[in-house]
Every structure is written in C-alpha cells, then in structure tokens.
Amino acid sequence: MKPSGAFLSLCVVLLSLATHCFSFPSDSLRRDAHSDTNALKSRDRRQAPAPQLSCGGVLYNPAAEMCCHGNVEPRVGASPMCCESSSYDPSTQMCCEGTVSNKPPGIAMCCGSEAYDANSQICCNGNINTKATGPTAQPGCCGEFSYDAASQLCCDSHPVLMVGSLPSCCGRNGYDANTSLCCGDNNVAFVSGPQAACCGDMGYNRNTHLCCDSNVLPMPAMGACCGSWTYSQQTHLCCEGVQLYKGMNTGCCGAVGYNQVNSLCCEGTVVPKSPSKPVCCGTTSYNPLTELCCDGIAFFKTGFIRPTCCGGAIYDATVARCCDGVPTYNVASCAGLA
C-alpha cells in the first residue's frame, strides 16, 4: 500500500525538526574549543612552582617574603623595608638603630633605639623626656634631662629654677649672685656687699672677720692670722705659726722671738749682736772689718796681704792660687794640676 500524501508531509516536518535540534553553529564550536584551551593553560600555571630566591642559604618566595641581612622575613605592608635583620612597614613603623618601633603620631623621630614624637617630646642624650611647653617656653636639654631655658638654669647637667635678679649656678645649686656667694664650688653662702668673700666653703665679711686656714674667726684689733688662729699684732708675734707674747721681742728667728736691737738671727740661731760683731757668718756673728767669712766660718784677716776665701779656708791671693777649692802655693797657675 502506498503511503498517503498526509503521511509524507508529516515525515518531512519531523525530519526537519530533528535536523534543527542536532545542528551546532560553527562559531559556537570555535568558542568552546578556545575556552577549553585557556582552562588547560590556567591549570598548567597553577600547577607550576612559584619562583624562589636564596637568602643566607635558605630559599624564599619574593612574592610573600624578603631577605634582610641574610634573614628571611615576611613582607609587611605595601612597601616593606628592612631594619637590620627584620622587616617592617614604614607606614606604621620606624627603624631606630636596628630596632623596629611603632611610629608615634606627630613628628616621628628616633632617640637611640626608640621612636618619639618631637612635637611633645625631646631626646636628651638618648633619653626621651616631655618637652617644656607654654607661650614663653624655651625647651632644651640639660644633660639627660629636659628643661625650660626661660625659667631654669642648667647647673652641672641638672635643671634648677632661676632665683633672684642675677641667677647663677653654684655646682648643682642655683643662687642669686646679687645677694649670695658661691663658695667651695657648690656651697651657697648668703653674704653680700663689697667686703663679702669666701673662706673655704663659707662666706664672711672681711671688715669684721678673718679667714685663717679656711676658718672664719672674729678679727681682733690690728688682727692677723697666725696659722689657723688670729692674733693682735699690737701685743704678739707670730713666729712660724706660733703666737708669742711680744714684750721686748721685735722679730722672729724661726719659732723663737728675739730683740733685733741686741741680737742677730743667724741661720735660725739667736746670737748676741755688738758693734764689733754686727753681721752673721753661718750660725755666729763676726766683724767684717777684721774678719773674713768663708762658707760660714769667720777667719781673722791678720797676716794676709790679700785675704781671700778658697772653699772653707782663707788664703793670701798674692802668693797662692785657689785650685779646685784648695789654696795652692808657689804655682803660677792651676793649669796642669790634677
């Protein structure tokens, strides 16, 4: 039996639909093939090892790590840097003498191995101190301390308050030089005036007192010092630090008093003085008109035409020569004499 026309038409429609369902555009096929190739390449890249460098003999990944003086450190921040053998983030940290510190607010600076804010702090010899503030403040350093030069003095590396109309330093102390003295390098003596002076580490008035061996003592009439004590020159002598009642004495011979009218002081010895022997020769007195003093010994000139000293002896220069301190007779000169 032949198929009818209606049946043939139905077959044609079904065949057309089947062909449409199982057909693929050529550009779609090309895109799918390209996507598969990219996926393979991406998988290959993920599987490839990251590049590595050596740091002190140790391998590291420069994408996540950095080499600081032979030490592998993690990368921190957007622009990490090395601080000796450590890494740090310069946006939030500082490197101070090889030590990483958190960056303070304000003007960040280093003080030794620590960071500080120069707006409110000051670095003095490696120590961080609070900076002096105020409308008239003059902040500065005094040794390792902070001080205000407008109201303080720096005395021996220590801040002290200014006092008086002429503030000055006395060691580590402050004082007013108009009303006080600095005695003994560091002691403030509260004396003033044109006669004010220091006696050791004490102050005194030179109109009323004496300074004797660093002792302040009341001044007697016609007073003077004798050693560490005072005495009156009206009634006493001071002989080598010893006070002696004057009496008839008018001078000192060593630690002994004597009368200069009738005595002589000859090399520390008191000897009689007379018109015939008014001068000292060694430890004795002699008459220079009739005697010759040779090395502290008095010799009479009698019998000598030209009495002369030769060492500790007397000789006649008309008939002898003095050769090496010895009178030598009957020679024309000392040449050739041994």
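Criteria and thresholds
- Residues numbered from 1 in each chain as written.
- Predicted model: local features only at pLDDT ≥ 70, side-chain atom pairs only at ≥ 80, totals over all residues.
- Heavy atoms only, no water.
- Helix = DSSP H or I, 4+ residues; strand = E, 2+ residues; numbered from the N terminus.
- Buried < 20%, exposed > 50% of the residue type's maximum accessible area, 1.4 Å probe, protein only.
- Contact = heavy atoms within 4.5 Å.
- Areas by Shrake-Rupley, 256 points an atom, 1.4 Å probe, with all protein chains shown as cover.
- pLDDT = per-residue confidence, 0-100.
- Salt bridge = Lys/Arg side-chain N within 4 Å of Asp/Glu carboxyl O.
- Lys, Arg positive; Asp, Glu negative; His and termini not counted.
- Polar contact = N/O pair within 3.5 Å; in protein donor to acceptor, adjacent residues only side chain to side chain.
- Disulfide = S-S within 2.5 Å.
- Pairing = 2+ DSSP bridges.

## Side note on the overall build of the chain
Here is step 1: Within the chain, the regular secondary structure consists of 2 helices and 40 strands.
Here is step 2: For the chain, with 338 residues in total, the buried portion stands at 24%.
Here is step 3: In the chain, the share of contacts with a sequence separation of at least 24, taken over all contacts with a separation of at least 6, comes to 0%.
Here is step 4: Roughly 21,400 Å² of accessible area belongs to the chain as shown, and the carbon and sulfur atoms make up 55% of that amount.

## A few points about the confidence of the model for the chain
Here is step 1: Of all residues in the chain, 85% have pLDDT values of 70 or greater, and the mean over the chain is 87.
Here is step 2: The low-confidence segment residues 1-34, where pLDDT is below 50, has 2 contacts with residues more than four positions distant or belonging to other chains.

## Section: the pattern of salt bridges
Here is step 1: Counted according to the given criterion, the structure contains 1 salt bridge.
Here is step 2: Of the charged contacts, one joins R172 and D156 as a salt bridge, the two residues approaching to 3.6 Å between their closest N and O atoms. Here R172, found in the loop between β17 (167-170) and β18 (173-176), pairs with D156, found in the loop between β15 (152-155) and β16 (158-161); they are 16 residues apart in sequence, far enough to count as distant.

## Some thoughts on the side chain of D148
Here is step 1: Topologically, D148 is positioned in strand β14 (residues 145-148).
Here is step 2: Here D148 is buried and forms no salt bridge, its nearest opposite-charge partner K131 lying at an N-O distance of 12 Å.
Here is step 3: When sequence neighbours within four positions are dropped, the list of residues in contact with D148 reads A132, A137, Q138 and P139.

## Quick word on the environment of C123
Here is step 1: Mapping C123 onto the fold places it in strand β11 (residues 121-124).
Here is step 2: Spatially, the C-alpha atoms of C123 and G112 are 8.6 Å apart, while their sequence positions differ by 11 residues.
Here is step 3: The contacts of C123, once residues within four sequence positions are left out, are C111, Y116 and C141.

## Remarks on the side chain of S285
Here is step 1: Along the chain, S285 turns up in strand β34 (residues 284-286).
Here is step 2: At a separation of 3.4 Å, a polar atom in the side chain of S285 contacts the main-chain carbonyl oxygen of P272.
Here is step 3: Every residue in contact with S285, bar those within four places of it in the chain, is listed here: L264, V271, P272, K277, V279 and C280.

## Concerning the state of the cysteines
Here is step 1: Counted according to the given criterion, the structure contains 20 disulfides.
Here is step 2: Note that C83 is cross-linked by a disulfide to C95, the S-S spacing being 2.1 Å. Looking along the S-S bond of the C83-C95 disulfide, the torsion reads about 75 degrees, which is the right-handed sense. Of this pair, C83 sits in strand β5 (residues 81-83) while C95 is found in strand β7 (residues 93-96), placing the two residues 12 residues apart along the sequence.
Here is step 3: Under the relative-accessibility criterion, C83 is labelled buried at 1%.
Here is step 4: Its relative accessible area of 29% is what places C95 among the partly exposed residues.

## Overview of the environment of C239
Here is step 1: Its location among the elements puts C239 in strand β27 (residues 236-239).
Here is step 2: Sequence separation of C239 and G254 is 15 residues, and the distance between their C-alpha atoms is 6.3 Å.

## Observations concerning the pairing of strand β40 (residues 326-329)
Here is step 1: In this structure, strand β39 (residues 320-323) lies alongside β40, joined through 4 bridges in antiparallel fashion. Note that in β40 the partner of C323 across the bridge is V326.
Here is step 2: Between β39 and the antiparallel strand that follows it, β40, lie 2 residues; D324 among them carries a positive phi value of about 55 degrees.

## Overview of the pairing of strand β32 (residues 269-272)
On a regular strand, one side chain projects to one face of the sheet and the next to the other, so that they alternate.
Here is step 1: Relative to β32, strand β31 (residues 263-266) runs antiparallel, the two sharing 4 bridges. What sits directly across from C265, in β32, is V270.
Here is step 2: Hairpin remark: β31 followed by β32, antiparallel, with 2 residues in the connecting loop; positive phi at E267, about 50 degrees.

## A few points about unusual backbone geometry
Here is step 1: One non-glycine residue with positive phi stands out, namely M222, at about 50 degrees.
Here is step 2: Phi at E240 is positive, roughly 50 degrees, even though this residue is not glycine.
Here is step 3: Along the chain, E240 turns up in the loop between β27 and β28 (242-245).
Here is step 4: Accessibility expressed as a relative area gives 64% for E240, which makes it exposed.

## Looking at the environment of V242
Here is step 1: When you line up the elements, V242 lands in strand β28.
Here is step 2: When the C-alpha positions of V242 and V256 are compared, they lie 8.7 Å apart, and in sequence the two are 14 residues distant.
Here is step 3: Filtering out sequence-adjacent residues up to four positions away, V242 remains in contact with C226 and L237.

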